[in-house]
Amino acid sequence: MFSMKPEYIPHAVERAAQDYWVAHDSFRARERPGAEKFYCLCMFPYPSGRLHMGHVRNYTIGDVIARYQRMRGKNVLQPIGFDAFGLPAENAAIANNVPPAKWTYDNIDYMRRQLKALGFAIDWSRELATCQPDYYKWNQWLFLRMLEKGIAYKKTGVVNWDPVDQTVLANEQVIDGRGWRTGALVEKREIPMYYLRITGHAEPLLADLEHLPGWPERVKLMQANWIGRSEGVKLAFPYSLDGRDEKLWVFTTRADTLMGATFVAIAAEHPLATRLARDHPKLAAFIDECKKGGTTEAELATQEKKGMATGFSVKHPLTGAEVPLWVGNYVLMAYGEGAVMGVPGHDERDFAFALKYRLPIAQVIDVGNKPYDDTQWSEWYGEKTGTCINSNRYDGLPYEKAVNAIAADLAKKGLGEKQVQWRLRDWGISRQRYWGCPIPLIHCPKCGDVPVPDDQLPVKLPEDLVPDGSGNPLAKNAAFLNCQCPKCLGPAKRETDTMDTFVDSSWYFLRYCSNDNATAMVDERAQYWMPVDQYIGGIEHAILHLLYSRFWTKVMRDLGLVKVSEPFSNLLTQGMVLNQIYSRREGNRIVYFNPADVEGGVLKSDGKPVEAGGLGTMSKSKNNGVDPQLMVERYGADTVRCYMMFTSPPEDTLEWSDASIEGSAKFLKRLWRRVHDHVAPGAAPPLDVAALDAAQKKLRQKTHATLQKVGDDLGRRLKLNTVVAANMELLNAIADFDDASKAGRAVVQEALDALVATLAPIAPHICHELWRALGHAEPVIDARWPQPDPAALKADTVTLVVQVNGKLRGRVEVPADAGNDAVAEAALADENVRKFIAGAAIKKRVVVPGKLVNFVI
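Everything in this summary refers to the structure shown in the same document. (Residues numbered from 1 in each chain as written. Predicted model: local features only at pLDDT ≥ 70, side-chain atom pairs only at ≥ 80, totals over all residues. Heavy atoms only, no water.)

**A few points about the overall build of the protein chain**
Okay, step 1: Looking only at helices and strands, one finds 27 helices and 37 strands in the protein chain.
Okay, step 2: Element-wise, carbon and sulfur atoms account for 51% of the exposed surface of the protein chain, whose accessible area totals about 38,100 Å².
Okay, step 3: The averaged location of the 104 negative side-chain charges in the protein chain is 1 Å from the averaged location of its 104 positive side-chain charges. (Helix = DSSP H or I, 4+ residues; strand = E, 2+ residues; numbered from the N terminus. Areas by Shrake-Rupley, 256 points an atom, 1.4 Å probe, with all protein chains shown as cover. Lys, Arg positive; Asp, Glu negative; His and termini not counted. Charge placed at Lys NZ, Arg CZ, Asp CG, Glu CD.)

**Quick look at the pattern of salt bridges**
Okay, step 1: A complete count under the given rule lists 50 salt bridges for this structure.
Okay, step 2: Close ionic contact of Glu31 with Arg126 constitutes a salt bridge, the shortest N to O distance being 3.0 Å. Separated by 95 residues along the polypeptide, Glu31 in the loop between α1 (10-23) and β1 (37-42) and Arg126 in the loop between α4 (100-117) and β4 (128-129) bring together distant segments of the chain.
Okay, step 3: Judged by its relative accessible area of 27%, Glu31 falls in the partly exposed class.
Okay, step 4: Given a relative accessible area of 6%, Arg126 falls into the buried group.
Okay, step 5: Between Asp821 and Arg845 there is a salt bridge, with the nearest N and O atoms lying 3.1 Å from each other. (Salt bridge = Lys/Arg side-chain N within 4 Å of Asp/Glu carboxyl O. Buried < 20%, exposed > 50% of the residue type's maximum accessible area, 1.4 Å probe, protein only.)

**Regarding the side chain of Gln114**
Okay, step 1: Of note, Gln114 is situated in helix α4.
Okay, step 2: Classification of Gln114 by relative accessible area gives buried; the value is 4%.
Okay, step 3: Residues in contact with Gln114, not counting those within four places in the same chain, are Gly49, Arg50, Leu51 and Gln629. (Contact = heavy atoms within 4.5 Å.)

**Observations concerning the sheet that holds strand β2 (residues 75-77)**
Okay, step 1: Strand order in the open sheet formed by 4 strands is β2-β1-β26-β27, and the pairing between neighbours is parallel. Two strands in the sheet have a free side with no partner beyond their single neighbour: β2 and β27 (571-574). Taken over all neighbouring pairs, the strand axes of this sheet differ in orientation by 20 degrees on average, direction set aside.
Okay, step 2: Pairing geometry for β1 and β2, over 3 bridges, is parallel. (Pairing = 2+ DSSP bridges. Axes fitted to C-alpha atoms, helices over the stretch in contact; angles between N-to-C directions.)

**A short note on the nonpolar core**
Okay, step 1: Counting residues in each nonpolar core, the largest one holds 170 residues, and the members touching the most others are Tyr39, Phe143, Trp552 and Met556.
Okay, step 2: When residues in this core are grouped by element, the largest group, 9 residues, is from helix α2 (residues 53-71).
Okay, step 3: Each residue touching Met556, except ones within four places of it in the same chain, is listed here: Leu142, Trp507, Leu510, Met521, Val522, Leu561 and Val562.
Okay, step 4: In terms of nonpolar packing, the next biggest core, distinct from the first, is built from 59 residues, Phe237, Tyr239, Val340 and Phe353 among them. (Core = buried A, V, L, I, M, F, W, Y, C linked by side-chain atoms within 4.5 Å.)

Put into structure tokens, the structure is as follows:
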């Protein structure tokens, strides 16, 4: 017979529960045709070395959902792996002079132990790491299939180049225009790169958002904006150069403002800019300056807008008038045609540019009586609701009619047409870095670019190299670089670019389904498990990761590898974990201090004041993190899990509080003591519902009301914080119930059974022990989720609020079926209510059945 210890010792309880799960292989998922499956997945972690509180929150949310769905009888898969390639490993390797592989695998080992200590119901047999050849082999295999289909292709692209280290830098390695290691001014360079034609799937990527009702609306909107479908006109500004007639193409959604174009701006990398700079030294210098700026749209949006006149003009496509050509640092070659028509009268960015360089500003849209001032921008200048003015034959036309008329006239001249364009650009996957999946191509001086044959995959990445920051070490490693051409068998060189790590994370959820298959990327098991029923991760991944995953899934569907079109049916984006920020200036730098080291506004170690910076996301840079390992060691895993779920709804930010985690610890201790006191006298008798008195019925009603609420909160609303709160209330009700009779013990047994079962997904270790203590033979993970008894939910009595002139003056308990007169009589019998009426005449009586009674005096 199970004997329960009187004291709750978290670590002993957790060790016993975890030993049981391991011994019984409790969480291994197996395909069961005909069984209702539930695939629960959290975004996999980067093996940075230690879990942070964001990890703990993310995986606890997923684990609660997975355990709940298991108790509902579903066949649950909850796997995990490691997003193991990438720049942080290279940076750590440079700093510590160790191979990225060693740093990565050591970190994986440590994080795996941490994850297991938290008791997550993970099928560890499906673990993967994206840096393992048996995983990235399939990156390479699918890339080659995309190459065959024309989805993958090669073209020149713009990168950040550090001239001292002689290496390409990621955007995050460029700080204020300089290389992160050398401090050298970064240059833009065009080099051959590999791309995936995601634009070919733009239409379904946008349209299929409508078929994702389980996604947050804001995430779908972010995706839609990124894809960016625009209806407009592609038009040309003709010009002659070097004895040839050419056309400079632009795309605009505001063709109705074409008559107001007073300049055209092109990107510094535009071929026309390069040609004009040959005869214009100042322009060449300006172009070089532009190439030292950012390469992303976000960077261009925030940097100072600069331009230089080229001294060259193009012709207006409708009037034939000369329009000056400028080079602008805000024009990005990778977007649109690398050229924009400047309409300063009706575009805020163009307006500011025209003011700065004293270019003409022409009003060509009228919106009624609103005044126009060409010295100060007004929001209405950019509206589409007006009509054309100063536009010759288009005067008086509203937006749509003007666009149609102008597009038709341009088409007649062969200078334009209506067109749909997308903000989305093809996905550049080349990374000129070492720690990533090798691109499976061979460069042969005779045969050109040759795909690596399938039977030679994977192209293995050497794991013993130590990058020093001066270029890609693969280019210096003869054993990797030198190879034989598969076609002519002559000497050749391997491609040294590696794949963007977004490639690794764009299909890992599919590999979990069949990760032991050495001969196929996926198999029929993916048809069983996919799509993912619940995906959980941070809002910071709302665009690129999710977009690339959707694209990759559609490509695999088109190739006949999977049947699903969308990878994730439901998406939950959890909020960040916040903590206080403390700092002070020491010399020329700001030093941050951990909140645990600060008390009363001073640093504990030296008693000197620090500056409070308010709440901010936990981060290493701000030194305001809380080590999950320390919390687990101090309180136990269940307390940490319980705290993470109780403090705020999953999608909201969570503010760390030492007092709150203490509260969660006390709650679990109280629960343990209450179960111990209940089971100490022996087994409770069976429940005889017909024999219960009013107090016993009331506790039973509370139990089943709790079951009704937590079932809805977990199953439909995903408000995990209220699940904990409802169970805390139920424990309070049990503690207040002082009835040692047989019927009383039976009602308490039912209440404790319900509490332990519904708390088990959140605090699984303690509930594993308590469930056994309550007399159950099967483990709580195999128990079925308890359902509320509708009969028990019908209370014999109800508590009503009593108001006098609309103000709360008391509460009264009455029979549930009491009539209005009986309710009023009971309310007037309350001493506090009588005090506020004080003999005054009652003008009106309002009774809301089951809720309140209000007296108007």
